[in-house]
Every structure is written in structure tokens, then in C-alpha cells.
Amino acid sequence: MSSISCRNLCRTFHQGDEVITGLDHVDLDIEEGEFVCLSGPSGSGKTTLLNAMGGLDTPDEGEITVGKYRVDKLSKNELAEMRLHDIGFVFQAYNLIPVLSAIENVEFVMQVQGIAAADRGARARAILAEVGLQGLEDRRPGDMSGGQQQRVAVARAIVNQPALVLADEPTANLDTRSAAQFMDLFVALNRQHGITFVISTHDTRVMAYARRLIRMRDGRIVADEQQEPHGMAV
Amino acid sequence: MKRGSLSVVSTLAWRNLWRNHRRTLIMLLAIAIGVWAMIFMAALMRGMTDEMMRNGLNNLPGEVQIHQANYRDDPSVANSMAPPAGELARELARPPVAAWAARVRVPAVVASERDSRGVTLLGVDPASERAIGSLPGDIQEGRFLEDEHDRGLVIGRKLASRLETALGKRVVLMSQDPQNDIADRGVRVVGIYRARLEGTEDQFVYAGRAAVQEMLGIGDRVSEVAVTAHDYRAVDRWYPQLAAAVGQGLEVAPWTELDSFLASYLSVQDGFSLVFMVVVFLVLSFGLVNTLAMAVFERVREIGLMQALGMPPSLILGQLLLESLYLLGLGLALGNLLALASIRPLESGIDISAVAQGMEMMGMGTTLYPALALTDMAMSTAVVIVLGLLASLLPAWRAARLEPVTALNTTM
Amino acid sequence: MSVTWRLAWRNLWRHSRRTWLTVGAMVFCNVLLIFLISLQLGSYQMMIDNSLATYSGHIQIQQRGYLEDQQMRQTVPAVARLAAGVRSVLGVETVSARGLAFALASSEQRSFGVLLNGVQPEFEPAVSTLPGLVRQGRYLAPGDRGQIVIGAVLARNLKVGLGEELTFLGSGRDGSFSAGVATVVGILESGMDEIDRSVAQVPLSWFQETFSMGDHGHSVVIRVPDLDRVPEAVQTLQGMLPAGESLEVLDWNALQPGLRQAITSDLASAWFTYVVLIVLVAFSVLNTQLMSVLERTREFGVMLSLGMRPGQLARLVGMETLLMAALGLGLGVLLGALLTQYLSAVGFAYPGMDELGAKFNMPGRMYPEVSLLSLFWGPAVVVLGALLAAIYPALRLFRLAPVEAMRAA
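Keep in mind the model is a prediction, meaning the values are calculated, not measured.

1. Some thoughts on the interface of chain A and chain B
At step 1: Contacts between the two partners involve 28 residues from chain A and, on the opposite side, 29 residues from chain B.
At step 2: Taking both partners together, chain A and chain B bury about 2,400 Å²; carbon and sulfur atoms supply 65% of that area.
At step 3: Inspection of the region where chain A meets chain B yields 2 salt bridges.
At step 4: A salt bridge links Glu104 of chain A to Arg15 of chain B, with the shortest nitrogen-to-oxygen separation between them at 2.4 Å.
At step 5: Across the chain A-chain B interface, the total number found is 7 residue pairs in polar contact (both at pLDDT 80 or more).
At step 6: Those elements that place two or more of their residues in the side of chain A that touches chain B are α2 (76–86) and α3 (102–113) of chain A.
At step 7: It is α3 of chain A that contributes the most residues to the side of chain A that touches chain B, 6 residues altogether.
At step 8: Partitioned by chemical class, the residues of the side of chain A that touches chain B number 14 nonpolar, 7 polar and 7 charged.

2. Examining the pairing of strand β10 (residues 247–251) of chain C
Residue and element names in this part refer to chain C.
At step 1: By the criterion of burial, β10 is predominantly enclosed, with 4 of the 5 residues buried.
At step 2: As paired elements, strand β1 (residues 59–63) and β10 share 5 bridges and run antiparallel to each other. Looking across to β10, one finds that Gln60 is bridged to Leu250.

3. As for the nonpolar core
At step 1: Counting residues in each nonpolar core, the largest one holds 111 residues, and the members touching the most others are Val227 and Trp255 of chain B.
At step 2: Take this core: its biggest share by element is 19 residues, from helix α2 (residues 21–59) of chain B.
At step 3: Among the nonpolar cores identified, the runner-up in size contains 56 residues, and Val76, Val114, Val160 and Val249 of chain C belong to it.

4. Digging into the pattern of salt bridges
Pairing of side chains with opposite charge becomes possible as their charged atoms draw close.
At step 1: Counted by the stated rule, this structure contains 43 salt bridges over all chains.
At step 2: The salt bridge involving Arg7 of chain A is made with Asp29 of chain A; its shortest N-O contact spans 2.8 Å. Placement of the pair is Arg7 of chain A in strand β1 (residues 4–15) and Asp29 of chain A in strand β2 (residues 18–30), with a sequence separation of 22 residues.
At step 3: When its relative accessible area of 33% is taken as the criterion, Asp29 of chain A is described as partly exposed.
At step 4: Across the pair Glu302 of chain B and Arg19 of chain B runs a salt bridge whose closest N-O atoms are separated by 2.9 Å. Taken as a pair, Glu302 of chain B in helix α11 (residues 300–308) and Arg19 of chain B in the loop between α1 (3–17) and α2 lie far apart in primary sequence, 283 residues in all.

5. Here's the deal with the domain arrangement of chain C
Bring the parts together and some accessible area is lost; that lost area is often taken as the interface size.
At step 1: By domain assignment, chain C separates into domain 1 (2–51 + 259–407) and domain 2 (59–223).
At step 2: Taking only C-alpha atoms, the centre of domain 1 of chain C and the centre of domain 2 of chain C are 53 Å apart.

6. Topic: the sheet that holds strand β8 (residues 196–201) of chain A
Note: strands within a sheet are paired through backbone hydrogen bonds, in either parallel or antiparallel orientation.
All names here are of chain A.
At step 1: Spatially, 6 strands are ordered β6-β7-β8-β3-β9-β10 in an open sheet, and the strand pairing comes out mixed. At either end of the open sheet lies a strand with only one pairing partner, and these are β6 (87–90) and β10 (220–226). With direction set aside, neighbouring strand axes in the sheet form an average angle of 15°.
At step 2: Both β6 and strand β7 (residues 164–168) contribute to a ladder of 4 bridges, which runs parallel. Its bridge partner being in β7, Val90 is matched across the sheet by Ala167.
At step 3: Its contacts with the sheet place α2 against β6 and β7, and it is angled at close to 85° to β6.

The rules behind these values
Residues numbered from 1 in each chain as written. Chains lettered and ligands numbered in written order. Predicted model: local features only at pLDDT ≥ 70, side-chain atom pairs only at ≥ 80, totals over all residues. Heavy atoms only, no water. Contact = heavy atoms within 4.5 Å. Buried area = accessible area lost by both parts, 1.4 Å probe. Salt bridge = Lys/Arg side-chain N within 4 Å of Asp/Glu carboxyl O. Polar contact = N/O pair within 3.5 Å; in protein donor to acceptor, adjacent residues only side chain to side chain. Helix = DSSP H or I, 4+ residues; strand = E, 2+ residues; numbered from the N terminus. Nonpolar A, V, L, I, M, F, W, Y, C, P; charged D, E, K, R; others polar. Buried < 20%, exposed > 50% of the residue type's maximum accessible area, 1.4 Å probe, protein only. Pairing = 2+ DSSP bridges. Core = buried A, V, L, I, M, F, W, Y, C linked by side-chain atoms within 4.5 Å. Domains from an automatic or database assignment. Axes fitted to C-alpha atoms, helices over the stretch in contact; angles between N-to-C directions.

What follows is the structure in C-alpha cells.
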């Protein structure tokens, strides 16, 4: 279901007179249940690739399939539907809706899906407990630390059991200790629920968790290797 | 839209509304003032219109009149009609007709020992005239006629002063009989009335109907039958029945035909209220669009996030429209309350005697009674909601069409 | 100084859409105000001119008390001579003498009470528009004696046509019985029932004879070329009134008090509209400027720490508002002028206006009057309102502490 296949993806951006290459003929396959890290310096195309997989951005050329979806062919509404049901997102920052409390942020996706209130509340509470935020359910984002906010974001990303979680620099604003806890959480979710993880990062501490490490540069994949995850020293 | 998504959208809309409470309060106040002005203006105009209609219809009188077919062109006693009988009488006894009065109405001359004036002589039956509400309300001196056989004369204050006559004095009443001979009779002034309008005081004198019929030698014939249903806006619904019931040689005319000035005034005023409301709203709409556009601008990143999380564009659009709807609804509630609070105390009348003669040109008295009408409140609500949502559509649409990636990467 | 202005100008365009919307509100409001005010001024002018031109003129000389009581014996002696004197004193030809008496007018078939008006055929057309409305036959001519011009409705009611005779019965100035016969030579039709029902004009000399008036009349009617010259003319006339007579000079305001009051009451409702519009625009400006101040808190913090004083920042906000308002004024006046100029050429009609207009002696089409006053009065107040609205946002700057401001998001 969550197997991803990218064929010949190209994407360029224009900034002033300059043409910036985001993706340059990228071919990539990711199987269900993989734990993949995209790494590379900033501007190497990893975020662009992630956005393309999530349907946030449409490539200029090429095909991209995520599970049953031909992502490059979907309408805005179909893309929204896909993200709502099958993909969880975690961003570097500004992950939460400021006017909603922690639990409301988690419930948000389920509410849009139309899940009944009672069911929703229970699931949101359970998942917040799972990410270690028991007791902070009613805090608004402004009253939480960066780490806590990112945990809420993860809770929201996984609450409706998506097949795929896309995370863009999820640890960039976290200290080492929080980052480690955070990655442990990802790994556990990957093992227990079989969720596919694709994480973009240039943080070596994060790469250490990956079983497959893809290196990018100037919009191309320059290395794609399997590795034994070794975690990080805390 | 699913129920869950509706509730999340309404929560978001409500909380977002209060994120920038200063801006929201200012906009709220502006809408409230606008709505207040709409309703206040409409109430003043409605009060003025009602007053004019009341005066106008009292002068006619009635909402429908029946005449001999030639009477309106040649208001002479020669063009008189028999009093209602048969089918017409039955039709006049049925609702919605509330009351009717048959009267003699002829041009006449009143002469005192000092001066004479041309007037309209009304030969009336006081009881039925009272039922259609056409009698002068304020008898300043003396009394009104007792019945249709009363041989006295009731004249206006202004006419009394012009003729230099007074209560109890005798005047000569002259008019033309059907043979074109002058019929005259000395009568005693038994009452002097005061009217809202000086022109009325100058124009109309009242005498008993039977007495006038006797003076003119016309038996029981009358000049006109005035009919009322006490609802001038509804006249078109019932007067055709009367028209069908009158016999040959008679004509039935509704007030809209009898006084085309009143009719066009009514439609102009109704139209003007709406124009005023729309204009006020248009001025408001710039602020409304501005507020909403700023709200979208400040929240571009958040909107991108919601899109990334799978919120479809329709819900983003709905959320912003709802936010606007909350704002409009609160403003409307506040504006209506303000209007209620400011108009209620004024309903007993605003003294406008300072401009009384100017108002008289328009057929008004010296007091303006603002009339708060549900239809005006409903109309302002409809204008604000419909045009408000239309104006909000543009910023909301832009928000819904944002590209998620661009939105997410926007730096503030 | 010029740097600050440049800064203020650039700041405006940081949120160009917001600025345009606010300017748009001002422009819309300004155009509306210009349109309404010039329409109003135009229609008042017309209302006054038309009402006075019909019959009453700008000034009348009457016996004291005649205006109120209109009694036969309240006369002006030697009325034609007085009128001639007025003509020479004021140096205008538009002066005419009149008499007014009640009479019972009878044709073969009908009788009506009418107010018979004795006029000078050679001068009446100069003071009143009624002579010009004769649709059948002709108006009175100098030398006419037993001739009469009547309104169309009156003619219909009396069932008389051109060339037919009317008999008049009334009482003379001394209370004696008076009678006369006149031939209908003209029928006038104004389209307004009230006028067409009441007009009955005969030559003054015949009138004086019939009603035992001697050389007396009831009024001298004066029309001046311009409304503004009325007070001056009134003063001159007061000086020339013959001594020993209790005559008085009445201006149009005394003759038709309803006119000014109708205008006053209309002005009151117009004021209400204007105030509402301006207040709403001021709110729009208040909102915009408050937003622009709040979102620049950090920037203002930096400026404060660079040594700018709060007063200077407040002035900057004031300048921004002024620039915005000036833009609104410029565009508003431009568009407003174009619109009203266009409408003053082709006219403007509102459905149903014709009937209402007739009541006030106004034509169905209205022609706005473009003048400096109508162009700038409204927009100037809008600028003032905008500046007032900027006070609150500007005052907030004085409560700003540099360090906190810089830390603000």
C-alpha cells in the first residue's frame, strides 16, 4: 500500500533571474514498512522530494505513485483526501494550529475525517499519552516547549494510523536529548505499527537511526545504501 | 460537509476571530454603527411615509372611493350617485372592508359679513365618517356635528380667521344645485376644528349630509363612497371585488389612482431605504474585505499547514466565510440592539415643528414618529449577510487557492 | 524631512492591497459625498428658483398683515405707481403689481369659488412663469379689459372654452356687491393640478374697477436676477416705502417659509447620511493604521533604540495617514468631478422622481451642481476624519518600550 515509486522526477524553481534545480531526473522506490532517511546539504532537493511524495508540490515532469495514488495526476481535493487518510506530516516548525489546544490539534485530522466525538477524544488522549504528553492535553501551542510541540505534531501525524509518515527536518529545533527521544518514538512506531517513515534531515544523529540512507546533492540521488541502525549516544 | 468537520471549522473560525481582538472589535463596532444607521434611517423614513400616508388617506379619505364615472373630472353635484344598495351594499358589508361612508362633496362658497372663500363642502354622516377615521380629530371650539340632520357647520381655524368669523356666528353657504342654480342657506358655525395641516383647515367645511342633500335638492344621492380596510398596502388585493360589484356608470378607484403623488412617494421611499442600506454597506465592505484579507495574510502559513494535513479547499473557504459570518452576525445583533434602544424612546414622536411648514409641503404634521418595522430590520440583515458574504468570498477564495508549499514556506 | 516623507510613502506600500482597500473606501465615500452634495445643492437651487419663479417672486411689498389674513381691505395704495417706482429704484424691469379677490365664477353650467388675480399684462410675464404656460389661446395683452386666462382644470370644471364668458360675483374692497363678466382668452396648463385648478388672471385695471379698488392693489411682486441680491434689494425697498403707510417688504423666505424648512429638513437627513459614511470610513482607517502599527512593533522598537523619539514615530504614522488620505482625496475628487460633470450635462433620474419633483416644482431629471464647495467639502471632512482616526494608533507608540518591542514577534 505504501510503496512509493518515483520515475524521472524533475522540478525547477525560479528565483529572480536564477533557475534553481530542485529535482533532477530522480528515480526512487521505497517499500512498505521502510525507515528511510533523505540526507544532504540544504538545497539538495530532499524537501522538494518529500513535498512531491505528499502531494504538496507537483513535479514538472515524471511520475510519482504512493500506494494506490498517482500523486502527480490528482486534483487539489483528491490530494487533500489522500493526505487526510493515508499520510502523516511532521514539519520542522510551525507544526500546530495556534488557536487549538494540544488535544484539539490531534483531533483536528479526525474531525475533518468525520470521526465521532467520543471515539476521537479517546484516541487523541491515548496517543498523547503514548508520546509522553499526559496532562498537557489542554495546553495551547504557545504554552509548550519546542519538543513538546513536536511531540504533539507526531501524535497528530500518527493518530489515524497512516501508512506513511513524511517528516521534514523534525529535530532541527530540538536539543540532543529531545531529538533522541523523538527518534526512538519514530523507530518504535515503525516497528510496532509497520508505518513507513521517510525523514529528510542533515542531522547525523538522525541518520544514525535509518535502515536505508539516501544521500542527495543538487537534486540528484548520489548514494542509496542499506545500513544497520545504531541509534545515538545520549 | 461532515458534522465533525463543521464543528472543527466553526471552532477555528470563532477562535481566529478573537486572535486580533482589537481589529475585530473595531470592525464589529463599524458594522454595528452601519446597521444602526440603516435601521434608524429606515425607521425615520417609514415614520415619515406612514404619517404622509395617514394624512393623505384621511384627506382623500379612504383607500378606495366609488364615484359616478364623471365625478372625478367634473366634481359637480350633477354627477352624483345613489347610495350603495344591492350587491354593492353586500360587498361593502364583507371583510376585508372595515368601514365605509357615503358623503356629499361639492365645491361651495362660504361668506361671512366680512369676506368669502371657496371651499369644499362635505355633507357627512358623523357616525360612518368616524368609522373610516376621516373626521378632524381636534375640535378646538364648540362641537362636531351630532348626526346627518345637524343643521350646523363646522369649519377650520384658518378659515374662521380668514373670514373673520367665530363660533356661534352665522355664515352663508352657497353651492350649485343639479339645475345649475345657486342654492344658498344661512348656517351657524357650531364648531371650529384644528387639523395637522393648515391647508386642510382652509379647504374643508363639514355639514350634516341630510341637511346638504336638502339644500341641494338631491334627495338621498351622494357624491362619493369612501371605503377603508385599514391597510393601505393591501388595497390592490380587494378593490377589484368592489369594482365588479358596482353597477353601470360608477367607477371604483384605489388611492394609488386617486393620489398618484402618494403612490409614487411610497415606492420611492421603499426603494430609497434599500439604496441607503446598500450604500452604507458598500462603505463598510472595504473595511470588511480589508480585515479578512489581513486575517488571511497573517495566517498563510497556518492555512498551508491545514492543507498539508488534508483539509480540503472547501473547508478552508468555509472556515473563513464562517469567520466573516460570525463577525457580521455579531455586528448585526449589536446594531439591531442599538437601533431598538435608540428608536423606542423616540416612538412617542420627535418634535419637528421648527420645520413644520416645510414638512407640510410634503404632507406631514409637526411631529415625526419613527416607525421601527421588522421588515426594515430583516432587510438590513439580508443586505449585510448577503453582500457581506459576497465581499468575503474574494479573500476566502484566495486562501482556499493557496499552494500548500508556498504557504508553508512563507516567512512572516 | 523629505526622508521621513519618503519613509512614510514606502511604508504605505508594504501592504499595497490593504492600502488600496483603505484608499478605495475613501475614494468611494468621497465620490458618493461629491455626488450627493452637488445633487443637493443643484436641487435646492432649482427648488428655490422654480418655486419662486412660478408665482411668488423673490420679494413682495404688501400691507402689513396681508400675508397672514389675506383680507380684501389690506391693500397697497397706488400699486401701479409703486411698482413703477420700484422698477426705477432697483433698475430692473421684473416688477409687477397684483390684486387678489375672491369671487364666485359662473359659466352657463357650473359655478366655482375662485381667487381672481388682477395682474399687469405687460409686466406679469417678467415675474412669473405662469403666463408662459398658456396652451390654448393667448395670455393677457396690454389694453385688455374684460379678458381672463384660466387654468385647464378650472376650465374643465367650469365647462368653458376659449371665447366663452364667465360671470363673477364677489364683494369689493368696501364690502359692496361686485359683479363682472370676462371672456376666456387663454387656458394655461402646467401639469400640476393645484395650479391648473386655481389660476384665474384678469387685467389689473379691470380688476380694480370691478372690485372698487380705486388705484389700490394687494402686492408688488419683484424678481431679482440672483438670489444673493435679495437682502440688498430688500434694504433698498424698505428705504423707499411711502411714509404713513404700514407697508412691509417680504423676502422669499417670509413668502414661502415652507421652502427653506423643506430644505432644512432635507439637509438634516442628508447630514445624517454624510456623518454615517464618514464615521464608517474613519473606522476603516483606524483599523488599517492600528494593524500597521501593531505589526511593526519590532521595527518601531529598533527605531526607538536607534534614538528616535516616540513623538517622531507618531508623526510618521500621522504622515502615512495623511498621504493615504491625500491619495483618497485626489482620486475621489477626480472621479467625483468626472461623474458629476457628466451628470450635470446629461442629468440624473430616479424612478418615481417625476411625481415627487412636480410637488416641489422640480423637473423629473436632476442636474447636480458642480462647484468647489461640492467638490471639496465632503472629501476634506473625510481627510479630517482619517487623521482623527489615526490618533489612537499613534498614541499607542508612546507606550512602547524599546526592549520589549524588539522582542515582540
